[in-house]
Amino acid sequence: MPGESKLVLSVVKAFRLLGILSEAKAPLSLAELSERSGWPKSTVYGLLSSMRESSAVEQQPDGRYFLGVRLFEYGCAVSAGWSISELARPFLQHLASKTGESVFLSVLNRNEAITIDQVQSRAGLRVVSEVGTRLPLHCTSQGKVFLAAMPESEAMRILKLQPLSAYTPHTPVTWKDLAKDLEAARRQGYAVEDGEYKIGLGSVSAPIRDASGQVKYAVGIIGMFYKAQSREFRDALLLTQTTAGQISSAMGYRQGK
């Protein structure tokens, strides 16, 4: 319906204005917002007026606009919702203690995997990514976990957003090569990365499911394993799967429910 399309467009424009204000890091006038957005002042004014009603945008005495307190409240609510790190932390620490390797917790964001928590290995080797690091999907074990949980068409769509870069000689750079790994991940319930993102490093990840059974996060370990087929790696793999199952249970997932 025409009205619905117009409403969606207004929402998109409203968020664009919020983004401009956020990037400016300072109050902006109506003229400045019009110039930066490329929209007429009348359009910008209408959107700002609507957002002022809900305190998403505030206005100074000199007429300039800035982000409102309602956005702060929303941000606090979002932060409170990120309880996965608090819930999973004891499990991550236990996994790191049992394996002696670095452990990470990741979430999918569009076409990247973001590290949202990590525990360093006992050896103190900094081989795990810092919290907030964005990693490619096609050559990391956590990325493969997320891709394997999607319909094939969705995985292909996401991977087309950017080239499958070759980080090492072992990186899969074609869908044909990667599809084999994803099929194995779906069948086995875990994904492996063997020197595909960084030479000399291996990792394994397993999916964390919420109460509905959807894969929401991935937990994994990374270390300087001699090879992915080693007994050491196999033991770490089983512990990782167990940890993923424990965190999933803590999130309300019941297998076969």
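Definitions and limits used
- Residues numbered from 1 in each chain as written.
- Predicted model: local features only at pLDDT ≥ 70, side-chain atom pairs only at ≥ 80, totals over all residues.
- Heavy atoms only, no water.
- Pairing = 2+ DSSP bridges.
- Helix = DSSP H or I, 4+ residues; strand = E, 2+ residues; numbered from the N terminus.
- Phe/Tyr/Trp six-rings, centres within 6.5 Å; stacked < 30°, edge-to-face > 60°.
- Lys NZ or Arg CZ within 6 Å of the ring centre and 35° of its normal.
- Buried < 20%, exposed > 50% of the residue type's maximum accessible area, 1.4 Å probe, protein only.
- Axes fitted to C-alpha atoms, helices over the stretch in contact; angles between N-to-C directions.
- Parallel < 35°, antiparallel > 145°, perpendicular 65-115°, else oblique.
- Contact = heavy atoms within 4.5 Å.
- Nonpolar A, V, L, I, M, F, W, Y, C, P; charged D, E, K, R; others polar.
- Salt bridge = Lys/Arg side-chain N within 4 Å of Asp/Glu carboxyl O.

### What to know about the sheet that holds strand E3 (residues 102-109)
Judged by pairing direction, the sheet is antiparallel, and its 6 strands sit side by side in the order E5-E4-E3-E8-E7-E6 without closing on themselves. Since the sheet does not close on itself, it has two edges, and those belong to strand E5 (134-135) and strand E6 (191-194), each with one partner. The pairing of E6 with strand E7 (residues 202-209) spans 4 bridges and is antiparallel. Bridging across to E7, Asp-194 finds its partner in Gly-202.

### Observations regarding the packing of aromatic side chains
Scanning all chains against the criterion turns up 1 aromatic pair. It is Lys-13 that lies over the ring of Trp-39; its NZ or CZ is 5.3 Å from the centre.

### Observations concerning the environment of Leu-182
With respect to the helices and strands, the residue Leu-182 is situated in helix H8 (residues 175-188). Here Leu-182 falls in the buried class, since its relative accessible area comes to 1%. Sequence separation between Leu-182 and Gly-143 is 39 residues; the distance between their C-alpha atoms is 9.9 Å.

### Examining the packing of helix H6 (residues 141-148) against H8
Running from amino to carboxyl end, H6 crosses H8 at an angle of 75°, the nearest separation of the two axes being 9 Å. When the axes of H6 and H8 are compared, the pair comes out roughly perpendicular. Counted together, Lys-144, Leu-147 and Ala-148 of H6 and Leu-178, Asp-181, Leu-182, Ala-185 and Arg-186 of H8 form the full contact between these two elements. Residue composition of the contact of H6 with H8, grouped by class: 5 nonpolar, no polar and 3 charged.

### A few points about the pattern of salt bridges
Across all of its chains, the model carries 8 salt bridges by this definition. Note that Asp-117 is salt-bridged to Arg-89, the shortest N-O span being 2.6 Å. Placement of the pair is Asp-117 in strand E4 (residues 112-119) and Arg-89 in helix H5 (residues 84-99), with a sequence separation of 28 residues. Residue class for Arg-89 comes out partly exposed when judged on its relative accessible area of 29%.

### What about the side chain of Ser-106?
Tracing the backbone shows Ser-106 in strand E3. Classification of Ser-106 as buried rests on a relative accessible area of 0%.

It is worth stressing that arrangement in space is one thing and function is another; only the former is reported here.
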